[in-house]
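Now for the letters of each chain:
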Amino acid sequence: MAQNGARRVGVIGAGMVGVCAASWLQRDGHSVFLVEPGNPGEGASFGNAGCFNGSSVTPGAMPGVIRNLPHWLKDPLGPLSLRWSYLPSILPYLYRFMRAATPEKVRAQAKALRPLIAPTVPLVRELARDAGADALVHQRGHLYVYRSEAALAKDGLAWALRRENGVEVDEFDVDELRQLEPALSRDYVRGLLVRENGHTSNPFGLVSALLEHFRRQGGEVVRARALGFRLEGGRLTAIRSDAGDLAADAAIVCAGAHSKPLAAPLGNRVPLETERGYHLMIRDPESMPRIPTADADGKFVATPMELGLRFAGTVELAGLDAPPDFRRARILLEQGRRMLPGLATRHAEERISVWMGHRPSLPDSLPVLGPSRTTPDVIYAFGHGHIGMTAAPMTGKIVADLVAGRRAPIDIAPFAPGRFGGILPL
């Protein structure tokens, strides 16, 4: 360990969570290096909807979800689909997912998430300002739109959870919605605007800017795949990698959907799964919303970005290895044209790009955040699901506090790595 409490810290994973963790650790005076086998920022952080939604307290598993699962799962292009060959592998996860969907558990999950994500806009602005990237962060709110009063009523619990946790919401009728966002289809009859939310107009650009600032401040990026850890007397000495041992006093596991095999040797069996998400981008769109807008029925988001209009959403359960099904991205374009009738009915292929990435998800929609079972020197910070961009800034602050031996700024007990009871013998 270095003098004055500074340590050599290896952060495994250079997505938004890892880069935020590295940034806060570096501010604390630690010698920090990032371990990343691919190009930093090109995993799940690259293709998400770019939203910083402090209002995203609603877990994926909500009461009544079991009634919708059969319908969703039999539609290969629906908002949630399953590759049937993957069913035996994911059954234990689905069982835990459904068990997490009771009203009591859902309220507890929402309460736990709110302090993790509520400060996201001011925190990400602070990091972006230091990196010279404040122009990439915007706070115009987030708009949710509905085609019927019945559809809004179905989401009653979700909106109640938001309001119970201090989220302020402005409601718009059909005429007010048209004034707020003229590009939207007149089929939408209700809109709910959460003004506290923000977004980035270039998620990859933001991660890249934070990373470059980290490098300018003396941070290092090691191109390697982390394989495990070397311990002596219960204390970390090195991160094992395919490029050799990397000396470290502390390690942060932020490897997203690839974190599970790093936790297992340290005694933690974590039911981490990948929710494969898709996006489709239109360059030079004929129509674009000013505010990031979510179609509540279609379960997708339209976000205005520097490089065009991004439609992002859907969940596919198929594991890490199956090839992408880009029909799921193309269906987003069909839905987007219904949302924004000003879009052309056809687009040249050179104006269209598609993407698939792996959201690291846990059945209770809460990340794993805290020290490993074996050693306090390895800290987990993964499994953020749909809120990785949003939760990354506060997650990074928590990680820095844990490494320094300070009390975390929020209660992290709900995110404990051992909460699933999946403790492995050592």
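See the structure printed just above.
Reference entry: report on the structure contained in this document. (Residues numbered from 1 in each chain as written. Predicted model: local features only at pLDDT ≥ 70, side-chain atom pairs only at ≥ 80, totals over all residues. Heavy atoms only, no water.)

1. Some thoughts on the packing of helix H6 (residues 120-130) against helix H10 (residues 203-216)
- At a closest axis distance of 9 Å, the pairing of H6 and H10 adopts a crossing angle of 60 degrees. Overall, the two elements H6 and H10 adopt an arrangement that is oblique. Two packed elements cross with a definite hand, and for H6 against H10 that hand is left-handed. Counted together, Val124, Leu127, Ala128 and Asp130 of H6 and Leu206, Leu210 and His213 of H10 form the full contact between these two elements.
- Across the contact of H6 with H10, the residue classes tally to five nonpolar, one polar and one charged. (Axes fitted to C-alpha atoms, helices over the stretch in contact; angles between N-to-C directions. Helix = DSSP H or I, 4+ residues; strand = E, 2+ residues; numbered from the N terminus. Parallel < 35°, antiparallel > 145°, perpendicular 65-115°, else oblique. Left-handed = near helix turned anticlockwise from the far one by under 90°. Contact = heavy atoms within 4.5 Å. Nonpolar A, V, L, I, M, F, W, Y, C, P; charged D, E, K, R; others polar.)

2. Observations regarding the packing of aromatic side chains
- All chains considered together, the criterion is met by seven aromatic pairs.
- Ring centres of Phe300 and Phe311 lie 6.1 Å apart, and the angle between their planes is 70 degrees; on these two criteria the pair is classed as edge-to-face. Residue Phe300 is located in strand E17 (residues 300-305), and its partner Phe311 is located in strand E18 (residues 308-317); the two are separated by 11 residues in the primary sequence.
- With relative accessibility at 0%, the residue Phe311 sits in the buried group. (Phe/Tyr/Trp six-rings, centres within 6.5 Å; stacked < 30°, edge-to-face > 60°. Buried < 20%, exposed > 50% of the residue type's maximum accessible area, 1.4 Å probe, protein only.)

3. Structural notes on unusual backbone geometry
- For Thr314, which is not a glycine, the phi torsion comes out positive at approximately 70 degrees.
- The topology assignment puts Thr314 in strand E18.

4. What about the sheet that holds strand E3 (residues 51-52)?
- Spatially, E3-E9-E5 is the arrangement adopted by the three strands of the open sheet, whose pairing is antiparallel. The open sheet has two edge strands with one neighbour each: E3 and strand E5 (137-138).
- Examined bridge by bridge, E5 and strand E9 (residues 198-200) share two bridges and lie antiparallel to one another. Looking across to E9, one finds that Val137 is bridged to Thr200. (Pairing = 2+ DSSP bridges.)

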